[in-house]
Amino acid sequence: MAVLVTGGAGYIGSHTVAALLERGEDIVVLDNLQQGHKEALLGGKLYVGDLRDAEVLDRVFTENEIDAIIHFAANSLVGESMKLPGKYYHNNVYGTLCLLEKMNEYNVKKIVFSSTAATYGEPEQVPIDEYDRTLPTNAYGETKLAMEKMMQWFDTAHEIKSISLRYFNAAGAHDSGKIGEDHRPETHLVPIVLEAALGKRPHISVFGDDYDTPDGTCIRDYIHVSDLADAHVLAVDRLRTGADSSVYNLGNGQGFSVKEVIEIARTVTGKEIPALIEPRRAGDPAVLVASSERARSELGWAPSRSELKHIITSAWNWHASRPNGYEG
């Protein structure tokens, strides 16, 4: 039996493939390579194609004995989603509908979904738990919430069990240094800061310093990408035991501001890293920090790389050795 990883050549997907391979799982990856990289795959059987292509999905399900699915494939740029919401609904929501319909057709009943803290929007309390209000402030978060709800209805109608993992800011790179973060364009704070340290950017832009936070900049919960990967593997294990559908937050439970991230990066890299204050971006909540107690107690998840300095150091090791990402 194989695990199908959609979007498995992407950043978090490739680290999850690595974690699955380490325990001897048979892996099938489906990725259109618009954002992913073949070089990020340390193993597994790759199908290059799109979730919205029925013929590709039929090939995947007929040529492999799929036991469970981990679903990463989606567009994920908050700013872009505000400008091109149609793109996000078509790729994220319709793409997931195509996948769920094929799962039902081929009697595959287990899916772990890569969701997001963006489903909460501006939080009512910090830390956020899974029972808090979901009111996204951007189209990206809205599509992810729609995908979660779609899975709930497919459970009701077809007994397809799902675990949605709502996580916060993924960062860092694999301990081996073989794979890391390489987005085009890059929008995540940690790699952008490190690009500035490498001289690939003249400065780091800080979008807003007038938030209701101690230093005026946004606060986020940063989690090592390999800890996220471990949680996806544990979620597959839980579904294999016959567990019911559920939702879990994944985070370290501690927030760091943009300015704090920059300061730690300066310490790790030994570089000056110039910073420039710019206007706020639309749809950015002031504080997003997770309560992961449910994931810890029910999944048995215990993040082992939670120190931000360690996370940034692992990312720096990757970026410093591969300043052009997978291209060199």
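Refer to the structure presented above.
Predicted model, so just to flag it, every value in this text is computed and none were measured.

Draft legend 1. Quick peek at the overall build of the protein chain. A tally of regular secondary structure across the protein chain gives 10 helices and 13 strands. Scaling as 2.2 N^0.38, a compact globule of 328 residues should have a C-alpha radius of gyration of about 20 Å, and the protein chain matches this with 19 Å. Counting over 328 residues, the protein chain shows a buried share of 56%. Sequence separation of 24 or more characterises 77% of the internal contacts of the protein chain that already satisfy a separation of 6 or more. Here the protein chain has roughly 13,600 Å² of accessible surface; of this, 48% comes from carbon and sulfur atoms. Side chains of the protein chain give 32 positive and 47 negative charges; the mean places of these two sets differ by 2 Å.

Draft legend 2. Up close: the layout of surface pockets. A volume near 240 Å³ is recorded for the second largest pocket. Lining the second largest pocket are 15 residues, and of these Q34, Q35, L77, R184 and P185 lie nearest its centre. Partitioned by chemical class, the residues of the lining of the second largest pocket number 3 nonpolar, 8 polar and 4 charged.

Draft legend 3. Quick look at the packing of aromatic side chains. Taken as a whole and judged by the stated rule, the model has 2 aromatic pairs. Seen from their ring centres, F61 and Y106 are 5.2 Å apart, and the 10° between their planes marks the pair as stacked. Highlighted residues: F61 in helix α2 (residues 54–63) and Y106 in the loop between α4 (85–105) and β5 (110–116), separated in sequence by 45 residues. What makes F61 buried here is its relative accessible area of 6%. For Y106, a relative accessible area of 26% gives the class partly exposed. Judged by centre distance (5.0 Å) and plane angle (50°), the ring pair of W318 and Y326 falls under tilted. Look at W318 and you get buried, because its relative accessible area is 1%.

Draft legend 4. Spotlight on α2. Buried within α2 are the following residues: V56, L57, V60 and F61. Taken end-on, α2 shows its buried residues confined to a sector of 125°, consistent with a single buried face. Exposed side chains of α2 directed beyond 90 degrees from the buried face belong to E55 and T62. Here the buried face of α2 lies against β1 (2–6), β2 (26–31), β3 (45–48), β4 (66–71) and α4. One side-chain oxygen of the residue at the start of α2 lies 3.1 Å from the amide nitrogen of E55, identifying that residue as D53.

Draft legend 5. A look at the sheet that holds β1. The strand order across the open sheet formed by 7 strands is β3-β2-β1-β4-β5-β6-β10, and the pairing between neighbours is parallel. Looking along the sheet, the strands with just one partner apiece sit at the ends: β3 and β10 (246–250). With strand direction ignored, the average angle separating the axes of adjacent strands in the sheet is 20°. Sheet contacts for helix α5 (residues 139–158): β4, β5, β6 (161–167) and β10; angle to β5, the most-contacted strand, approximately 160°. Sitting on the sheet, helix α7 (residues 225–240) touches β1, β4, β5, β6 and β10, and the angle it makes with β6 is about 160°.

Draft legend 6. Local environment of the pattern of salt bridges. Using the criterion set out here, one finds 24 salt bridges in the structure. Between D182 and R184 there is a salt bridge, with the nearest N and O atoms lying 2.7 Å from each other. D182 gets classed as buried once you look at its relative accessible area, which sits at 9%. The exposure class assigned to R184 is partly exposed, which follows from its relative accessible area of 46%. Two residues, R280 and D210, come together in a salt bridge whose shortest N-O distance is 2.9 Å. A residue pair is termed long-range when its members are at least 10 positions apart, and R280 in the loop between β12 (275–278) and β13 (287–288) and D210 in the loop between β8 (204–207) and β9 (219–224) qualify at 70 residues. Look at R280 and you get partly exposed, because its relative accessible area is 46%.

The rules behind the values
Residues numbered from 1 in each chain as written. Predicted model: local features only at pLDDT ≥ 70, side-chain atom pairs only at ≥ 80, totals over all residues. Heavy atoms only, no water. Helix = DSSP H or I, 4+ residues; strand = E, 2+ residues; numbered from the N terminus. Rg over C-alpha atoms; globule rule 2.2 N^0.38 Å. Buried < 20%, exposed > 50% of the residue type's maximum accessible area, 1.4 Å probe, protein only. Contact = heavy atoms within 4.5 Å. Areas by Shrake-Rupley, 256 points an atom, 1.4 Å probe, with all protein chains shown as cover. Lys, Arg positive; Asp, Glu negative; His and termini not counted. Charge placed at Lys NZ, Arg CZ, Asp CG, Glu CD. 1 Å grid on protein atoms, 1.4 Å probe; cavity = no way out; pocket = protein on both sides within 12 Å on 5 of 7 lines; lining within 4 Å. Points joined across faces, edges and corners; volume = space filled by probe spheres on them. Nonpolar A, V, L, I, M, F, W, Y, C, P; charged D, E, K, R; others polar. Phe/Tyr/Trp six-rings, centres within 6.5 Å; stacked < 30°, edge-to-face > 60°. Arc of directions from axis to C-beta. Polar contact = N/O pair within 3.5 Å; in protein donor to acceptor, adjacent residues only side chain to side chain. Pairing = 2+ DSSP bridges. Axes fitted to C-alpha atoms, helices over the stretch in contact; angles between N-to-C directions. Salt bridge = Lys/Arg side-chain N within 4 Å of Asp/Glu carboxyl O.

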